[in-house]
Amino acid sequence: QKKNFQNPDATQTPPNVRTENITIGEMTVSKQIYQPGWQWSKDIKPIAKTNSCQVHHFGVLASGRLRVRADDGQEMDFGPDDVVDIPPGHDGWTIGNEPAIFYWFTRK
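Everything quoted here is computed from the prediction, not taken from an experiment. (Residues numbered from 1 in each chain as written. Predicted model: local features only at pLDDT ≥ 70, side-chain atom pairs only at ≥ 80, totals over all residues. Heavy atoms only, no water.)

(A) Highlighting the overall build of the protein chain. For the protein chain, the helix and strand inventory stands at 2 helices and 9 strands. For the protein chain, the N- to C-terminal ordering of α and β elements is β-β-β-α-α-β-β-β-β-β-β. Relative to a compact globule of 108 residues, whose C-alpha radius of gyration would be 13 Å, the protein chain shows 13 Å and is just as compact. Considering only C-alpha atoms, the protein chain reaches an extent of 40 × 30 × 25 Å along its principal axes. Buried positions account for 33% of the 108 residues belonging to the protein chain. Only carbon and sulfur atoms are counted for the fraction: they give 50% of the accessible area of the protein chain, which is about 6,500 Å². Taken together, the 12 basic and 13 acidic charged side chains of the protein chain have centroids lying 7 Å from each other. (Helix = DSSP H or I, 4+ residues; strand = E, 2+ residues; numbered from the N terminus. Rg over C-alpha atoms; globule rule 2.2 N^0.38 Å. Buried < 20%, exposed > 50% of the residue type's maximum accessible area, 1.4 Å probe, protein only. Areas by Shrake-Rupley, 256 points an atom, 1.4 Å probe, with all protein chains shown as cover. Lys, Arg positive; Asp, Glu negative; His and termini not counted. Charge placed at Lys NZ, Arg CZ, Asp CG, Glu CD.)

So, in structure tokens, the structure goes:
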């Protein structure tokens, strides 16, 4: 099978981020484009109504830079071509003045 992000299955546009989803079989690939100034606790927390992001992210940062702070205080920066595994319980934000493009993968 083949699909393309030029025609995603679903699109969401909460503040300062665009999410495009493609599902093939049991896998969903999400392309998230975080704008400069985006921060989960500022832009998504009011929508999610949780103290931190409770989603497990496994994916690849294609461009830009992101910083993640786990609920235990540990911080890590991510840049282009980094493959990341971020467990639930974190805040995240863009670093710098360019959008960050992150692809993450989930199984149904």
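(B) Just the sheet that holds strand β9 (residues 100–107), in detail. Spatially, β1-β2-β3-β9-β4-β7 is the arrangement adopted by the 6 strands of the open sheet, whose pairing is antiparallel. What marks the edges here is a single partner per strand, and that holds for β1 (10–12) and β7 (83–86). Along the sheet, successive strands turn relative to each other by an average axial angle of 25 degrees, direction set aside. In this sheet, β7 lies alongside strand β4 (residues 57–63) in antiparallel orientation, the contact comprising 4 bridges. Paired with Val60 across the two strands is Val83, which belongs to β7. (Pairing = 2+ DSSP bridges. Axes fitted to C-alpha atoms, helices over the stretch in contact; angles between N-to-C directions.)

(C) Broad picture of the side chain of His57. Structurally, the position occupied by His57 is in strand β4. Take His57: its relative accessible area is 10%, and that puts it in the buried class. Leave out the neighbours within four places in its chain, and His57 touches Val84, Asp85, Ile86, His90, Phe102 and Trp104. (Contact = heavy atoms within 4.5 Å.)

(D) Structural detail: the pattern of salt bridges. In total, this model carries 6 salt bridges according to the counting rule given. Across the pair Lys3 and Asp9 runs a salt bridge, and its minimum N-O distance is 3.0 Å. Here Lys3 falls in the partly exposed class, since its relative accessible area comes to 39%. Overall, Asp9 belongs to the partly exposed group, its relative accessible area being 44%. (Salt bridge = Lys/Arg side-chain N within 4 Å of Asp/Glu carboxyl O.)

(E) How the structure looks around the nonpolar core. In this structure, Tyr34, Trp38, Leu61, Leu66, Phe78 and Phe102 are the most contacted members of the largest nonpolar core, which totals 15 residues. Of all elements in the fold, only β5 (66–70), β7 and β9 reach the threshold of two or more residues within this core. A per-element tally of this core places β9 first, with 3 residues. With residues near it in sequence (within four places) discarded, Phe102 still touches Ser30, Lys31, Gln32, Tyr34, His57, Gly59, Val60, Leu61, Leu66 and Val84. (Core = buried A, V, L, I, M, F, W, Y, C linked by side-chain atoms within 4.5 Å.)

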